Amino acid sequence: MSEDIASSRRDLVARVATLELLVSDLIDLLWKVDAKGMERLADDAAQDLEIQNTRILAAAEHQRERLFTVLAERRRKLKHRRRAREDEAA
């Protein structure tokens, strides 16, 4: 049974990794199709993260940390790779 669980976990990890690659490719394509729209989405993601950081939530601390992680990941993924490289160089 533990072999089934290990196999199931490996399968799940592979599926999640595949989905992450597909999302990354989709975001790159969207930057090519509508850069202004993606700029707005990236700005919204940054604003959502800032709001979450300044707001005191009644939720448990672990939920707050999870929300922060999700919002930070969203902001990171939406940031255009060329713009991210420019920001890092500056």
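Further up the page is the structure itself.
Between its terminal C-alpha atoms helix H2 (residues 35-54) stretches 29 Å, which fits the 28 Å expected from 20 residues at 1.5 Å a residue. Within H2 the residues assigned to the buried category are Gly37, Met38, Ala42, Ala45, Leu49 and Gln52. Here the buried residues of H2 occupy an arc of 140 degrees about the axis, which is enough to place them on one side. In H2, those exposed residues whose orientation departs by more than 90 degrees from the buried face are Lys36, Arg40 and Thr54.

Right, let's talk about the nonpolar core for a bit. Ile27, Trp31, Met38, Ala42, Ala45 and Leu78 together form the largest nonpolar core, which totals 6 residues. Within the residue set of this core, elements represented by two or more residues are helix H1 (2-33) and H2. Top element by residues in this core is H2. It accounts for 3 residues. Contact partners of Trp31, with chain neighbours within four places excluded, come to Met38, Glu39, Leu78, Lys79 and His80.

Thresholds, definitions, all that
- Residues numbered from 1 in each chain as written.
- Predicted model: local features only at pLDDT ≥ 70, side-chain atom pairs only at ≥ 80, totals over all residues.
- Heavy atoms only, no water.
- Helix = DSSP H or I, 4+ residues; strand = E, 2+ residues; numbered from the N terminus.
- Expected span 1.5 Å × (residues − 1).
- Buried < 20%, exposed > 50% of the residue type's maximum accessible area, 1.4 Å probe, protein only.
- Arc of directions from axis to C-beta.
- Core = buried A, V, L, I, M, F, W, Y, C linked by side-chain atoms within 4.5 Å.
- Contact = heavy atoms within 4.5 Å.

These results come straight from atomic positions and should not be treated as a statement about function.
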